[in-house]
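As a plain string of letters, each chain reads:
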Amino acid sequence: MPTVKVFYPRWRREELLLRLEEGLKALEKELLLLEAWLFGSWAQGRALVGSDVDLLLLYRGPRREDLHRLARKAFPGLPLELHAYTEEEAARLEAVLARMREGALRLRP
């Protein structure tokens, strides 16, 4: 009989939330965060071993071209899928962002 291997995510949800909170604190030193949301499979309790971490950030100020670099530094080792928007961009994309927030977990503020 063949062997079946079952894989689980590397972190428990509680551990992931702690890592996200630590990373958000580090990011807040670089930009004014208005909102942070965990969405997708981790927020809905469906994460598997290959699941990325879907993070929605809204911030005040000009567009930051270095934001993805800052996020990699703030969230080391996480398979982060970052969706970051300025306050002005968020206003234009409100319908899309509302759908992203459905079933999401608000992290900040």
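Higher on the page you've got the structure.
All chains use their own residue numbering, which begins from 1 and follows the written sequence. Confidence filtering applies because this is a predicted model: local features only for residues at pLDDT of at least 70, side-chain atom pairs given and counted only at 80 or more, and all residues used for totals across whole chains, interfaces and linings. For side-chain calculations, the full set of non-hydrogen atoms in the structure is used, while hydrogens and water are omitted.

Colleague: Help me get a handle on helix α1 (residues 13–27), residues and values and all.
Modeller: Since there are 3.6 residues in each turn of an α-helix, residues three or four apart along the chain are aligned in direction. We count a stretch as a helix when DSSP gives it H or I for four or more residues in a row; a strand needs E for two or more, and each element gets its number in order from the N terminus. A helix is expected to span 1.5 Å multiplied by its residue count minus one. The end-to-end C-alpha distance of α1, which contains 15 residues, comes to 21 Å, matching closely the 21 Å that a straight helix rising 1.5 Å per residue would cover. Whether two residues are in contact is decided by their heavy atoms, any of which lying within 4.5 Å being enough. Its buried side turned inward, α1 meets β1 (32–39), β2 (53–60), α2 (67–74) and β4 (105–108).

Colleague: So what's going on with the pattern of salt bridges? Which residues, and what values?
Modeller: Salt bridges are defined by distance alone: a side-chain nitrogen of Lys or Arg within 4 Å of a carboxyl oxygen of Asp or Glu. Per the counting criterion, the structure on display carries ten salt bridges. As a salt-bridge pair, Arg 108 and Glu 28 come within 2.7 Å of each other at their nearest N and O atoms. Of this pair, Arg 108 sits in strand β4 while Glu 28 sits in the loop between α1 and β1, and the two are 80 residues apart along the sequence. As a salt-bridge pair, Asp 66 and Arg 64 come within 2.9 Å of each other at their nearest N and O atoms. For Asp 66, a relative accessible area of 22% translates into the label partly exposed. The buried label applies to any residue whose accessible area, calculated with a 1.4 Å probe on protein chains only, is under 20% of its type's maximum; exposed applies above 50%, and partly exposed to all values in between.

Colleague: Describe the packing of α1 against α2, and please don't skip the residues or the numbers.
Modeller: The interhelical angle for the contact between α1 and α2, taken along N-to-C directions, is 135°, at an axis separation of 9 Å. Relative to α2, α1 is oriented oblique. Both α1 and α2 take part in a crossing whose hand is right-handed. Note on element contacts: α2 touches α1 through Leu 67, Leu 70, Ala 71 and Ala 74, opposite Gly 23, Ala 26 and Leu 27. Axis definition: a line fitted to C-alpha atoms, limited for helices to the stretch in contact. Angles are taken between N-to-C directions and run from 0 to 180 degrees. These descriptions rest on fixed angle ranges, namely under 35 degrees for roughly parallel, over 145 for roughly antiparallel, 65 to 115 for roughly perpendicular, and the rest for oblique. It is the rotation of the near helix from the far one that decides the hand of a crossing: anticlockwise by less than a right angle makes it left-handed, clockwise makes it right-handed.

Colleague: Tell me about the side chain of Ser 41, and please be specific about residues and values.
Modeller: Examined against the element boundaries, Ser 41 turns out to sit in the loop between β1 and β2. Beyond its immediate chain neighbours, meaning those up to four positions away, Ser 41 contacts Arg 46, Ala 47, Ser 51, Asp 52 and Asp 54.

Colleague: A description of the nonpolar core should follow, citing residues and the corresponding values.
Modeller: Only buried residues count toward a nonpolar core. Its members are Ala, Val, Leu, Ile, Met, Phe, Trp, Tyr and Cys residues joined through side-chain atoms within 4.5 Å. Of all hydrophobic cores here, the largest spans 25 residues; its most connected members are Leu 20, Leu 27, Leu 38, Leu 57, Leu 67 and Phe 75. Listing elements by their share of this core, those giving two or more residues are α1, β1, β2, α2 and β3 (80–86). Phe 39, Leu 56, Tyr 85 and Ala 104 belong to the second-largest nonpolar core, a separate cluster that totals nine residues.

Colleague: Hey, could you go over the pairing of β1 for me, with residue numbers and the actual values?
Modeller: Burial analysis of β1 places six of its eight residues in the buried class, which makes it a mostly covered element. Taken together, the seven bridges between β1 and β2 define a ladder with antiparallel strand orientation. Its bridge partner lying in β2, Glu 35 is registered against Leu 58. In short, DSSP must find at least two bridges between two strands for them to pair. Pairing geometry for β1 and β4, over three bridges, is antiparallel. Each bridged residue has a counterpart across the sheet, and for Trp 37 the counterpart in β4 is Arg 106.

Colleague: Account for helix α4 (residues 94–101), naming residues and giving values.
Modeller: Of the positions making up α4, those classed as buried are Leu 97, Met 100 and Arg 101. Axial view of α4: buried residues confined to an arc of 95°, hence all on one face. Counted as exposed and oriented over 90 degrees from the buried face of α4: Ala 95 and Arg 99. At its buried positions, α4 is contacted by β1, β2, β3 and α3 (87–92). Just beyond α4, the residue with positive phi is Gly 103, at close to 75°. Taken from the helix axis, the directions to the C-beta atoms give the arc we talk about.

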